[in-house]
Amino acid sequence: MSIGTFRGGVHPPEFKELTENCAFETIPNPEEIILPVSQHLGKDATPQVKKGDDVITGQLVAKAEGFISAPVHTSVAGKVLSLGKEITPTGFPKDAIVIKTNGTLEGERFRLSPLDPETITPDEIRARVAEAGIVGQGGAAFPTYVKLSPPKDKIIEVVILNGCECEPYLTRDYRFMIERPDDLISGLKLIMKALGVKRGVIGIEDNKPEAIKLLSDKILGETGLEVVALKTKYPQGAEKMLIKAVTGKEVPPGKLPMDVGAVIQNIGTAVAIHDAVVKGEVLTIAALTVSGKGIKVPKNLLVPVGTPIQNVIDFCGGVTEDAVKIVVGGPMMGVSQFDLHAPVMKATSGILVLTKEEITENPETPCLRCGQCVGACPLNLMPTKLSRYSQLQRYEDAEGADITVCMECGTCAYTCPANIPLVQWIRLGKQKVLEMQKERAAVTQ
Amino acid sequence: METTTTTETKQKVYFDLTTSPHLHSKWSTKKVMWFVNLALAPTIAAALAFFGIYQALIMLTAIAFAVGTEAAIQSIRKKQVTWFDGSAALTGLLLALTLPPNFSLSATAIGSVVAIGLGKQIFGGLGYNIFNPALVGRAFLQAAFPVQITTWMKPNFAVDGITSATPLAALKFDKVFTETTPMILGNIGGSLGETSAIAVLLGGIFLIAVGIVNWRIPLSMILGMIIFGGIFWLINPQYPTPIFHILAGSFLFGAMFMATDWVTSPITNKGMWVFGLGISLVLVIIRIYGGLPEGVMYSILFMNGFVPLINKYTVPRTFGAVKENKK
């Protein structure tokens, strides 16, 4: 067991103690759920129901369209109330299906037929993962079957399960590792089978010794499986950082993990794959951590996808007096919310209620050229320079300095003593550069 | 009860809306500046112990005039007055610590005004200056008061036989080597801040431990001294040993508190190595061939001038990028 890691990064306070010992609880069905038809990258799924239709739990309500898409299933039984624009945690309104819960239909539930993980073929695994609507649980919501279908010319050598959970507060993946170790190992084996890979690694940060021990014991005697302890450091769970820590290889700018022979899957995704294959379950439940000093009772929850954030917060006793901010996702990369009617999505990993004390806002001062951001950037970029280029609208210089490589992990802004919103400026500049590149491509064609 | 909670949260829909990250490290510009001031406490204590209470007056004068100049210029320019952020006070304190123990208060005040006015504010204030402001102030005093600034007094606990001259001056002009132990403790002639190696190191190690000072700069300077000082010493043993170079004069003070000034040192890790090695190389040349016994101030100021260039040519290789020659 080696302690792998990458260069740079930061050590934000972890706050895991708030929820790490809270076993998953199931939240009761809300009165109404909102199901955005796009809970993945790529094209929107096409609704399969109309206003007034009755649906049962697990029923397909929107079909996947195009390559990087995933179907949507309802997490409750009831009647379709409306189809239209609804606010999502991204802050933008998206097409969504609203379903009103109906108690009388509760008993019925749609399931796919269970399959035997021993005899299942790689194609069957891919088909099942696609049918069950599984998307990456790490936050980016990339449809999982796409990751399981690499082009023929890419040779995949290793599957890495991402058990880092490097975002502060979040303990959802940890709970999966503690509560469902067998299922996640089964999920990992299914992923390996789908990709024809002999080596499976579970990478876990060393601040979770119990998970490391438990999973190491579980895989004892299994060939090809290993648990790797990784240094606790943000953003250890970023794909490129994780691959570097486990294999020593660097994913080149603009390339994908598969280009260096690796596929990364989130812990929750592996569990979902197991459930889809063995139990025939479609993805309708989001596992998430509700935490922060501003929530009355922090919890780990299993929430029907589409449940409004407000319901989840109420289930945890509401917010405290000094709460100032609600974030969906982790504190380093999550999105702050203005409308608590927005629903929990398939890939929602946490809901955080933060107090003023936690977010420590200091006044912004001029750049001190301290180089902290340069030393901390895990991708070896120069955040202070990129941010300056963006402010001065020198987008060509920003492009030359690799602004598009930035994964927006926020390490630079976290570490900046002058409190300059570095990643925020870079995000803006990156968007402009990408637009510029698109225009350029259009002209040459 | 349940319903009141719900309405409360619903009323608070105007939650803070900012983009990630939502956490921020505990450091702020102000906090960093006061931490550096704090790290100078052992050095201040050593200065008071070895040279007496008059040293407190020098330090207070320097700080008062530095802070006053900062506030005055900022008000004239109708900018936000940031005199309490600790940076002007730090410049004043650092300047005071580079002065001889019996330096006059009026000259000290002039040095502070020049340090802040010419060294910092003329460039646009905090973060925009190219040269270390405290050293700019001292360089001015060196030119304006050449005799006073090289007149040393005996430390309080001096044993008979140790002259008031600094070890470097004693070597340069009288060919007398000072022993190592007094140089480590500080029982030698010299500037307020350079006298006790151990006090300077204590503060410096504290700053490295809390993450304010990047260890690469002091380490590369020390390594540079071992290499370049060592080469001269091997060629001719009449020249001082690398250990003497490191302990004598304001080398350690410069390495911990002057060269590591965030604003005027490189931002890249590689650049910090170039910077530190460069300072030591220039310093060895000045000490051995120059007319003055000491040269830390000039070597740091000299390398300050190269920082933009160093930053430009030490851009780290982007993660995963294949090495290529960027033009």
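Look up a bit, the structure's there.
The rules we used
- Residues numbered from 1 in each chain as written.
- Chains lettered and ligands numbered in written order.
- Predicted model: local features only at pLDDT ≥ 70, side-chain atom pairs only at ≥ 80, totals over all residues.
- Heavy atoms only, no water.
- Helix = DSSP H or I, 4+ residues; strand = E, 2+ residues; numbered from the N terminus.
- Rg over C-alpha atoms; globule rule 2.2 N^0.38 Å.
- Buried < 20%, exposed > 50% of the residue type's maximum accessible area, 1.4 Å probe, protein only.
- Contact = heavy atoms within 4.5 Å.
- Lys, Arg positive; Asp, Glu negative; His and termini not counted.
- Charge placed at Lys NZ, Arg CZ, Asp CG, Glu CD.
- Salt bridge = Lys/Arg side-chain N within 4 Å of Asp/Glu carboxyl O.
- 1 Å grid on protein atoms, 1.4 Å probe; cavity = no way out; pocket = protein on both sides within 12 Å on 5 of 7 lines; lining within 4 Å.
- Points joined across faces, edges and corners; volume = space filled by probe spheres on them.
- Nonpolar A, V, L, I, M, F, W, Y, C, P; charged D, E, K, R; others polar.
- Polar contact = N/O pair within 3.5 Å; in protein donor to acceptor, adjacent residues only side chain to side chain.
- Pairing = 2+ DSSP bridges.
- Right-handed = clockwise from strand over helix to strand, strands pointing away.
- Phe/Tyr/Trp six-rings, centres within 6.5 Å; stacked < 30°, edge-to-face > 60°.
- Lys NZ or Arg CZ within 6 Å of the ring centre and 35° of its normal.
- Axes fitted to C-alpha atoms, helices over the stretch in contact; angles between N-to-C directions.
- Parallel < 35°, antiparallel > 145°, perpendicular 65-115°, else oblique.
- Left-handed = near helix turned anticlockwise from the far one by under 90°.
- Core = buried A, V, L, I, M, F, W, Y, C linked by side-chain atoms within 4.5 Å.
- Patch = residues over 30% accessible without salt bridge, like charges linked within 9 Å, V, L, I, M, F, W, Y side chains within 5 Å.
- Areas by Shrake-Rupley, 256 points an atom, 1.4 Å probe, with all protein chains shown as cover.

Moving on: the overall build of chain A. Helix and strand counts for chain A come out as 14 helices and 17 strands. Taking 445 residues into account, the globule formula puts the C-alpha radius of gyration at 22 Å, and chain A, at 22 Å, falls close to it. Put simply, chain A has 445 residues, and 58% of those count as buried. At a minimum sequence separation of 6, the contacts of chain A that also span at least 24 residues come to 74%. The positive charge centre, built from 49 side chains, and the negative charge centre, built from 53, are 4 Å apart in chain A.

Before going further, it helps to spend a moment on the pattern of salt bridges. This structure, assessed with the given rule, holds 27 salt bridges over all chains. Between A:Glu250 and A:Lys244 there is a salt bridge, with its nearest N and O atoms 3.2 Å apart. A salt bridge links A:Glu250 to B:Arg317, with the nearest nitrogen and oxygen atoms 3.1 Å apart. Within this pair, whereas A:Glu250 is found in the loop between helix H6 (239-247) and strand E12 (262-266), its partner B:Arg317 is found in the segment after helix H16 (307-313), the two belonging to separate chains. Here the salt bridges do not stand alone but share partners, grouping A:Arg180, A:Asp183, A:Asp275 and A:Lys279 into one network.

Summed over the entire model, instances satisfying the criterion amount to 6 cavities of 30 Å³ or more. What the largest cavity holds in volume is close to 340 Å³. Lining the largest cavity are 24 residues, and of these B:Met33, B:Leu90, B:Leu94, B:Asp261 and B:Trp262 lie nearest its centre. A total of 4 residues in the lining of the largest cavity trace back to one element, the largest contributor, which is helix H5 (residues 87-97) of chain B. Roughly 120 Å³ of internal volume is contained in the second largest cavity. In this structure, the second largest cavity is lined by 15 residues; those nearest its centre are A:Cys377, A:Leu381, A:Cys406, A:Cys409 and A:Cys412. Of all the secondary structure elements, the ones that give two or more residues to the lining of the second largest cavity are helix H11 (383-391), helix H13 (411-415) and helix H14 (422-444) of chain A. Looking at the lining of the second largest cavity residue by residue, the classes come out as 12 nonpolar, 2 polar and 1 charged.

Here the focus is the interface of chain A and chain B. Across the boundary between the two partners, chain A contributes 70 residues, which contact 45 residues of chain B. Across the chain A-chain B interface, the total number found is 1 salt bridge. Remark: the boundary between chain A and chain B carries 24 residue pairs in polar contact (both at pLDDT 80 or more). The element best represented in the side of chain A that touches chain B is strand E15 (residues 323-328) of chain A, accounting for 5 residues. Among the residues forming the side of chain A that touches chain B, the class breakdown is 38 nonpolar, 20 polar and 12 charged.

Looking now at the pairing of strand E11 (residues 225-230) of chain A. Residue and element names in this part refer to chain A. E11 sits mainly inside the fold: 5 of its 6 residues count as buried. In this sheet, E11 lies alongside strand E10 (residues 199-205) in parallel orientation, the contact comprising 6 bridges. Across the sheet, residue Val201 finds its bridge partner in E11, namely Glu226. In this view, the connection linking E10 to its parallel neighbour E11 by way of helix H5 (residues 209-218) has right-handed handedness.

Right, let's talk about the packing of aromatic side chains for a bit. Tallied over the entire structure, the rule returns 11 aromatic pairs over all chains. Considering the side-chain rings of A:Phe15 and A:Tyr169, the 4.7 Å spacing of their centres and the 15 degrees angle between planes classify their relative orientation as stacked. One end of the pair, A:Phe15, is in the segment before strand E1 (24-26); the other, A:Tyr169, is in the loop between strand E9 (158-163) and helix H3 (172-179), with 154 residues separating them in the sequence. Neither A:Phe15 nor A:Tyr169 differs from the other in exposure class; each is buried. Counting every residue linked through ring pairs, the aromatic cluster contains B:Trp27, B:Phe35 and B:Phe206. Stacked on the ring of A:Phe6, the Lys or Arg A:Lys233 has its end atom at 4.6 Å from the ring centre. Positioned above the aromatic ring of B:Trp27 is the side chain of B:Lys31, whose terminal nitrogen or guanidinium carbon lies 5.4 Å from the ring centre.

The next point concerns the side chain of B:Thr260. Residues and elements named next belong to chain B. Looking at the element boundaries, Thr260 is found in the loop between helix H13 (251-258) and helix H14 (269-289). A polar contact is formed between the side chain of Thr260 and the backbone oxygen of Met256, at a distance of 2.5 Å. Filtering out sequence-adjacent residues up to four positions away, Thr260 remains in contact with Val213, Ile217, Pro218, Gly254, Ala255 and Ser265.

Taken in spatial order, the 3 strands line up as E3-E5-E6 (chain A) in an open sheet, and their pairing is antiparallel. A single partner strand is all that each edge strand has here, and the edge strands are strand E3 (46-47) and strand E6 (72-73) of chain A.

Moving on: the packing of helix H6 (residues 105-117) of chain B against helix H7 (residues 133-144) of chain B. Residue and element names in this part refer to chain B. At their nearest, the axes of H6 and H7 sit 8 Å apart, and the two run at 130 degrees to each other. The orientation of H6 with respect to H7, classified from their angle, is oblique. Here the hand of the crossing between H6 and H7 comes out right-handed. For the pair formed by H6 and H7, the contact residues are Ala107, Ile110, Gly111, Val114 and Ala115 on the first element and Pro133, Ala134, Val136, Gly137, Phe140 and Leu141 on the second. In the contact of H6 with H7, the residues fall into 9 nonpolar, 2 polar and no charged.

A few words on the sheet that holds strand E4 (residues 54-55) of chain A. Residue and element names in this part refer to chain A. A sheet is described by the order of its strands in space; here 4 strands give the open sequence E2-E8-E7-E4, paired in antiparallel fashion. Every interior strand has two partners, whereas the edge strands, strand E2 (32-36) and E4, have only one. Two elements, strand E7 (residues 78-87) and strand E8 (residues 93-101), share 9 bridges in a ladder whose sense is antiparallel. If you follow Ser82 over to E8, its bridge partner there is Val98.

If you look at the biggest cluster of nonpolar residues, it comprises 73 residues, and the most contacted ones within it are B:Leu40, B:Leu94, B:Phe251, B:Phe253, B:Phe257 and B:Phe275. Discounting chain neighbours no more than four positions away, the residues touching B:Phe253 are B:Leu40, B:Thr43, B:Leu94, B:Leu97, B:Thr98, B:Gly193, B:Val200 and B:Met258.

Take a nonpolar patch on the surface next. Residue and element names in this part refer to chain B. A surface patch of nonpolar side chains, amounting to about 660 Å² of accessible area, comprises Trp215, Leu219, Leu223, Ile226, Ile227, Ile231 and Ile235. The topology assignment puts Ile231 in helix H11 (residues 216-235). Residue Ile231 is classed as partly exposed on the basis of its relative accessible area of 44%.

The next point concerns H11(A). All names here are of chain A. Here H11 has its buried residues at Pro383, Thr384, Leu386, Ser387, Tyr389 and Ser390. Elements in contact with the buried residues of H11: helix H10 (372-376), helix H12 (395-400), H13 and H14. Downstream of H11 by a residue or two, Gln393 has a phi angle that is positive, lying close to 55 degrees.

Residues and elements named next belong to chain A. Note on placement: Asp44 falls in the loop between E2 and E3. Judged by relative accessible area, Asp44 falls into the partly exposed class, the value being 33%. Remark: the alpha-carbon pair of Asp44 and Lys63, spanning 19 residues in sequence, is separated by 8.8 Å. Look past the residues within four positions of Asp44 in its chain and what remains in contact with it is Val37, Ser38, Glu65, Ser69 and Asp95.

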